[in-house]
Amino acid sequence: VGKPTDLIQGMLDGLILHVIAKEPMHGWGIAQRIQERSKDALRVGQGALYPALQKLERQGLVTSSWAASENNRKAKYYRLTAAGRKVLEQERRQWARLSNGVALVFGTP
Amino acid sequence: MWFSHVRTLLRRAKRFLLQRRLDRDVRAEMEEHLRHQTDAYIASGLSRADAARLAALEIGAIDAWREACRDTWRVSFLQDALRDAAMACRVWRREWAIAATVVVTLAIGVGANLAVFALLNTLMFLPPASAREPDRLVSVQEPISYRRLLELRQHLRQLDLVAYTRVWLTLTASDEPKSVPAECVTPSYFRVLGVPAALGRVFRDAESSQDDAMGVVVSHGFWQRELGGSPSAIGASVSIGHVPFHVVGVAPRGFTGVEPATTDLWVLVTDAPTQCSFTGESLLQSSGGGWLNLVGRLADGVTREQAEAELAAAATPDEIFQRAMERRRSDRLVSLQASRRFGTQRDVSIATWLFGGAIAVLLIACANIAGLLSIRAFDKQHEIAVRLQLGATRRRVMSQVAVEQMVLSIAAALAALGVAYGLGVILRKFFAYGELFTRIEPAWMVSAVAIALLSGLVAGAWPALQVSRVNATSLRRSRRLGGTTRSWLRSGLLVTQVALALSLSIGAGLFVRSVQESRRGLGYDPDGLAVAAIDLRKFGYRDGQETEDALDQVAQRLARLPDVEGVSLSTGFFLGVGGPAAVTPERVMVSAVSPGYFRLIGTRLVSGREFDATDDVRAPRVAVIDSDVAKRRWPDRSAVGQCVVGAGSECVTVVGVSEARRTSIGTVASQMEMFVPLSQRGAGTSPSLILLRVNPSVSLSRAEIARTIRESLPRLPAVSVKSFDELADVQTRSWRLGRLLFGVFGLFAVVLSAIGLYASLAFGVRQRRAEIGLRMALGSQRWEVVGLIARHAMRLVLAGLMVGGAMGVTGARYMRALLFHDSRSDVTVYVAAVAVVTVAAAAGCLVPAIRAARISPMAALRED
């Protein structure tokens, strides 16, 4: 296994939205979840994650609140908003199209 | 759609307002992240300490993160600026010595410019304050009589003419009568100038003097000073020359009449015909010589040429306007602004030079600041490199530097207003007219800030450039050896400073010399000389025994006053005061003087004797002539004993030859003069001057002298006693202006360059500490170290002196006409200026050089 790939700029937003779509999560959890789900293929650096979360919040796609975390500490939880859900749908469709396209190109010798 | 915009905006506003809390929020979130990460590492089997270390390492610089988070909110620019400003204030509080030096230096440079600009503005561009459309006002270049004015006004359609004449009116309400400057005007004066009353009313066109008391308009200053500044002053009674007047109005603040001089009262020329006349008799009916000055307003749409043509057409064939036309002069009408400028021509020229001087001071200040800041920038390299490495962007660091500079500039601008105000207070002593910096107007504040920011930018650009060159990745390892940035730019700045300081010092020296020289070789001793002009005929003293007795009494009483060392009487004219003087066809001015006159005023007798008590009416007629007359009449023999022919062809024997006296303090030309004893004077002349020699070390008690004179001559309304210096004031004013401001600027320049040299050398010594230590360890003597440091500095000073000397000599050539006689070629001025600058420069070099010599080689080499 090579070095975990840094995320393509622009993809991170969609991944974050997807990860918190099921349940509210805190920043570290989001990063962990992305890493786990991608089987260590994708790693999100803090320097990218938190500014991205801030940006999403500013755009009104997520909201945040402080709550007790699993190990009984306070953590900041991010939750998807209605607007965020819409954007997530778009991102998914876009990714499907994009990955299909990429697969088609790589698939043809 | 717009709704979401509003929401975004509201969120941003909230975010901005809650910044501090949100910052805390971000930090808490980071810490939370760190803990999670640490827990995860512990779970994977690391020790707690290792886990914490690894997590911390991974997370990196929290500050950079937070910046990145905050940057997403886009309000950061304003916020950064505010924070930078606060930060800059903290930085400068810590480095207060540099901050204070920069602020004071810049304030001096900017303040000098503001003050000189205000001065030039007053001298050149200022129309009479409060006048409406001043560019439509013209001045007629020849005076006319009152009757002629009335006739002209009938004919003129394109020019609305009014007349004024300047007089001193005597206020007689109190026991101490006093003279105040006034203008006698025609009724439409204020209307034509377009000057409204600040209180009450101005004169009406159809002002009638049928009322019981006649009207007077007072200046704003007079109203404040003498009438308590209350509205009830309108209608108050003012006694002028024992005639009651009542105050009808107050002129607007700053209005000082047509000419650039102080005016306190305006009366109608028809109300006070005798007081307005220079002869003491009413001239209203006279159609002879002109005594009223004319000012007019061009009718709408009329050009100056059209008005001139109309004026010429209305003139009688023998009249001045006509004659002027024949001579094809087209300056019968000049704009009032140009006319006001006329009397101050030399002041204007000097003020223009001073403007150059002020700019030089500003340049020196900028050079100095640039030097200081670049030294500081060098010292800060390390700090800045660290900041860059910690993740600050280059833009942020640069903007921080810029804001630091701006904070200083703004502080300097405020201080500059203070400097300019202070200079204005001094300058107002020279120029009693106009509103020379009496209050700080918004325009001045704006220009102060603008000049200061611009200068700050100029001075700060280079140091900022140095900062921008600092590289984050390569922290300067050490500046122990080498690294001497003996930059040509820094050297250039020092040379410029020294050069400008020298040329300003030379300028100051030339004016000091002019003032000094103008007092030398006068043909009399000016120190402690005072003159009281008495106009006996105007106030009803006729020739005769009664007047003679009164004059004797005056002389005796004055001589008994404690600080009066001598008294003498004279007819004629001296130092610009006194009555009309008798002049012979050969242009010799004849004065009758009392015994002891020459001894009193300090005029040397080349040969013969002066008048004494024996030269009375019955004695043979005698005279004293000055050496010029003597040389001209009797070039080959002694004049004493010769005859000059007096009235009635009788022989008047020359008993003495006096040294020639200069006509005025402004020139070296002398006036040919002849003197006769007062007791032998011709009929129809009476003494017009009382000359006093007072102890120069005590201030002149003019009130006491005036009172003593009026005790014996009670009909005189007021007596003005003036010292020589006051009388010479007008003539030497422009030199003293030059002396004062060039002196102040020169002082600034010299001190600033010394500071600049000091700072630069001290920095050089600090930089070369290790090198110097090494040299000393290898056997260099202390004096050699001093030489090492001083040699470089003195080379710069020498270059500066050469450039500055050339500038000074060239400047002096162009200034020649503005200086007294031959002051320009006075070598001592240049030598003294060079000496002053050299001494100051040496003082600036000495301290760092000594400090260098005290460096302990052991300590210096062990450092770092």
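You'll find the structure just up there.
Residues numbered from 1 in each chain as written. Chains lettered and ligands numbered in written order. Predicted model: local features only at pLDDT ≥ 70, side-chain atom pairs only at ≥ 80, totals over all residues. Heavy atoms only, no water.

Visitor: Now, about the interface of chain B and chain A: what can you tell me, with residues and values included?
Guide: At the junction of the two partners, chain B supplies 22 residues and chain A supplies 21 residues. Across the chain B to chain A interface the summed buried area is about 2100 Å²; carbon plus sulfur atoms make up 52%. Along the contact surface separating chain B from chain A lie one salt bridge. With a shortest N-O distance of 3.9 Å, Lys76(A) and Glu29(B) are connected by a salt bridge. Every element with two or more residues in the side of chain B that touches chain A is listed here: α1 (2–17), α2 (19–43), α3 (48–59) and α4 (62–71) of chain B. By residue number, the principal contributor to the side of chain B that touches chain A is α2(B), which donates 12 residues. Considering only residue class, the side of chain B that touches chain A consists of nine nonpolar, four polar and nine charged. (Contact = heavy atoms within 4.5 Å. Buried area = accessible area lost by both parts, 1.4 Å probe. Salt bridge = Lys/Arg side-chain N within 4 Å of Asp/Glu carboxyl O. Helix = DSSP H or I, 4+ residues; strand = E, 2+ residues; numbered from the N terminus. Nonpolar A, V, L, I, M, F, W, Y, C, P; charged D, E, K, R; others polar.)

Visitor: With reference to specific residues and values, describe unusual backbone geometry.
Guide: The backbone of Lys39(A) sits at a positive phi, close to 50°, despite the residue not being glycine. The exposure class of Lys39(A) is exposed, given its relative accessible area of 71%. Even without being a glycine, Glu133(B) presents a positive backbone phi close to 40°. Tracing the sequence through the fold places Glu133(B) in the loop between α6 (96–125) and β1 (137–144). (Buried < 20%, exposed > 50% of the residue type's maximum accessible area, 1.4 Å probe, protein only.)

Visitor: Provide a residue-level description of the state of the cysteines, including the pertinent values.
Guide: Residues and elements named next belong to chain B. Within the structure shown, the criterion is met by two disulfides over all chains. The side chain of cysteine 184 participates in a disulfide bridge whose partner is cysteine 276; the two sulfur atoms lie 1.8 Å from each other. Disulfide cysteine 184-cysteine 276: the torsion about the S-S bond is -85°, which places it as left-handed. With cysteine 184 in strand β3 (residues 178–185) and cysteine 276 in helix α10 (residues 273–276), the pair connects residues that are 92 residues apart, well separated along the chain. There is no split in this pair, since cysteine 184 and cysteine 276 are both buried. Here cysteine 643 engages in a disulfide with cysteine 651; their sulfurs sit 1.4 Å apart. Handedness here is read from the sign of the S-S torsion; for cysteine 643 and cysteine 651, about -90°, the answer is left-handed. Accessibility expressed as a relative area gives 36% for cysteine 651, which makes it partly exposed. Sequence-ordered numbering of the disulfide-bonded cysteines in chain B gives the connectivity 1-2, 3-4. (Disulfide = S-S within 2.5 Å.)

Visitor: Please give an account of the pairing of strand β2 (residues 159–171) of chain B that cites residues and values.
Guide: Where a strand is regular, its side chains alternate between the two sheet faces. Residue and element names in this part refer to chain B. Burial within β2 is extensive, with 10 of its 13 residues counted as buried. Across six bridges, β2 lies against strand β9 (residues 292–298) in antiparallel orientation. Note on β9: the bridge partner recorded for aspartate 160 is arginine 297. Where β2 meets β3, eight bridges bridge the pair, whose relative direction is antiparallel. In the sheet register, tyrosine 164 faces β3, and the bridge partner there is valine 185. (Pairing = 2+ DSSP bridges.)

Visitor: Lay out the pairing of strand β8 (residues 265–268) of chain B in plain terms, naming residues and giving numbers.
Guide: Residues and elements named next belong to chain B. Neither face of β8 is open: one carries Leu265 and Val267, the other Trp266 and Leu268, and all of them are buried. Sheet topology note: the β3/β8 ladder contains four bridges and is parallel. In the strand pairing of β8, valine 185 is matched with leucine 268. One ladder, built from three bridges, connects strand β5 (residues 214–218) with β8; its direction is antiparallel.

Visitor: Before we move on, could you go through the nonpolar core and cite the residues and values that matter?
Guide: Residue and element names in this part refer to chain B. Counting residues in hydrophobic clusters, the biggest one holds 101 residues, and the most contacted among them are Val110, Leu354, Leu510, Leu741, Phe745 and Ile772. A per-element tally of this core places helix α14 (residues 345–389) first, with 18 residues. With residues near it in sequence (within four places) discarded, valine 110 still touches Leu362, Ala416, Ala448, Ile451 and Ala452. One finds Leu152, Val180, Trp223 and Val302 within the second-largest nonpolar core, a separate group that totals 43 residues. (Core = buried A, V, L, I, M, F, W, Y, C linked by side-chain atoms within 4.5 Å.)

Visitor: Now, about the pattern of salt bridges: what can you tell me, with residues and values included?
Guide: Residues and elements named next belong to chain B. As enumerated under the stated definition, the model contains 33 salt bridges over all chains in all. In this structure, the salt-bridge partner of aspartate 160 is arginine 153, at a minimum N-O distance of 3.3 Å. For aspartate 160, a relative accessible area of 23% corresponds to the partly exposed category. Residues aspartate 615 and arginine 609 are paired through a salt bridge, measuring 2.9 Å at the closest nitrogen-oxygen approach.

Visitor: Outline the packing of α14(B) against helix α16 (residues 442–469) of chain B, listing residues and values.
Guide: All names here are of chain B. The N-to-C vectors of α14 and α16 enclose an angle of 35°; their axes lie 8 Å apart at closest approach. Crossing of α14 against α16: the hand is right-handed. The segment α14 lies against α16, with Leu362, Cys366, Ile369, Ala370, Leu373, Ser374, Ala377 and Ile384 engaging Ile451, Ser455, Ala459, Gly460, Trp462, Pro463, Gln466 and Val467. For the contact of α14 with α16, a count of residues per class yields 12 nonpolar, four polar and no charged. (Axes fitted to C-alpha atoms, helices over the stretch in contact; angles between N-to-C directions. Left-handed = near helix turned anticlockwise from the far one by under 90°.)

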